[in-house]
Amino acid sequence: LEELFMSHLPIDTDRNAVPIRLFQSDFLEFFTHISPLTIIVLWLPIAVLLIVYAVMTAPSSAFPTFIPLGFLIGLFLWTFAEYTLHRFLFHYKPRTPRQERIFFLFHGIHHAQPQVKTRLVMPLPVSVPMGALFFGLFYTIVGVLFKAPGWVAPLMSGFLIGYLVYDLTHYATHHFPMRSGYGKFIKRYHMQHHYKDPDTRFGVSSPIWDWLFRTQGVE
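Structure report, in brief. (Residues numbered from 1 in each chain as written. Predicted model: local features only at pLDDT ≥ 70, side-chain atom pairs only at ≥ 80, totals over all residues. Heavy atoms only, no water.)

Structural notes on the pattern of salt bridges
- Summed over the entire model, instances satisfying the criterion amount to three salt bridges.
- A salt bridge links Asp26 to Arg21; the shortest N-O distance between them is 2.5 Å.
- Using a relative accessible area of 45% as the deciding quantity, one classes Arg21 as partly exposed.
- A salt bridge links Arg119 to Glu29; the nearest nitrogen and oxygen atoms lie 2.9 Å apart. Taken together, the positions of Arg119 in the loop between helix 5 (97-112) and helix 6 (124-145) and Glu29 in helix 2 (residues 26-30) put the pair 90 residues apart, joining distant regions of the chain. For the pair shown, Arg119 and Glu29 are each scored as buried. (Salt bridge = Lys/Arg side-chain N within 4 Å of Asp/Glu carboxyl O. Buried < 20%, exposed > 50% of the residue type's maximum accessible area, 1.4 Å probe, protein only. Helix = DSSP H or I, 4+ residues; strand = E, 2+ residues; numbered from the N terminus.)

Things to note about the environment of Ser157
- Its location among the elements puts Ser157 in helix 7 (residues 152-175).
- Using a relative accessible area of 1% as the deciding quantity, one classes Ser157 as buried.
- Residues Ser157 and Phe135, spaced 22 residues apart in sequence, show a C-alpha to C-alpha distance of 9.8 Å.

Some thoughts on a nonpolar patch on the surface
- A cluster of nonpolar residues, Leu69, Ile73, Phe76, Leu77, Phe80, Tyr182, Phe185, Ile208, Trp211, Leu212 and Phe213, forms a patch on the protein surface that exposes about 1,000 Å² of accessible area.
- Contributing elements (two or more residues each) for the nonpolar patch: helix 4 (66-90), helix 8 (181-195) and helix 9 (208-213).
- It is helix 4 that provides the largest number of residues to the nonpolar patch, a total of five residues.
- For Phe76, a relative accessible area of 45% gives the class partly exposed. (Patch = residues over 30% accessible without salt bridge, like charges linked within 9 Å, V, L, I, M, F, W, Y side chains within 5 Å. Areas by Shrake-Rupley, 256 points an atom, 1.4 Å probe, with all protein chains shown as cover.)

Description of the environment of Asp210
- By the element assignment, Asp210 lies in helix 9.
- When sequence neighbours within four positions are dropped, the list of residues in contact with Asp210 reads Tyr83, Tyr189, Arg201, Phe202, Gly203, Thr215 and Gln216.
- Within the local environment of Asp210, its side chain forms a polar contact with the side chain of Thr215, the two groups lying 2.5 Å apart. (Contact = heavy atoms within 4.5 Å. Polar contact = N/O pair within 3.5 Å; in protein donor to acceptor, adjacent residues only side chain to side chain.)

This is the structure in structure tokens:
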């Protein structure tokens, strides 16, 4: 297990490979697999409802320009969250056998078997608490500290759409041809993260923060 995690290099690249079992319990094992359709069905309606709520509760005296602006800021904030989570949390270097187990479950399993379809988007036991955490951060910082509660919903909506773009882009890079344009570029970029140097190219939907922090690797 230690060698699998520390190398972050694949041991099985077959799309039809039997997924590594992570738990003896069938109940727990069930939650380690997820379809990309699941995250669309869950998070897209929430993102839309947040925008609807923002519009319905906005002051009627003027056009609420803060709503599209907040949405775009939330979208931008996701790109930074995507980079920092992937670089510092998912690729955290464990120091104990217990940490090795936890982080292998978290992300190492994907690097060990990068083509397993049901482990390409974030499972709900991870994404739901993380979504609640970020909503709490937005509410505390923007709604309470900056006394701008109207901004929280559009910020969170943009953040969730950014997350969906990230997870669906991630799925596409592993299973869609993407033979031209930006799709071709980002697929090759992410494959280099998996098969060339797992300690670089942490951006999945965008390389912008890799360029800024010089973690884009070398050709």
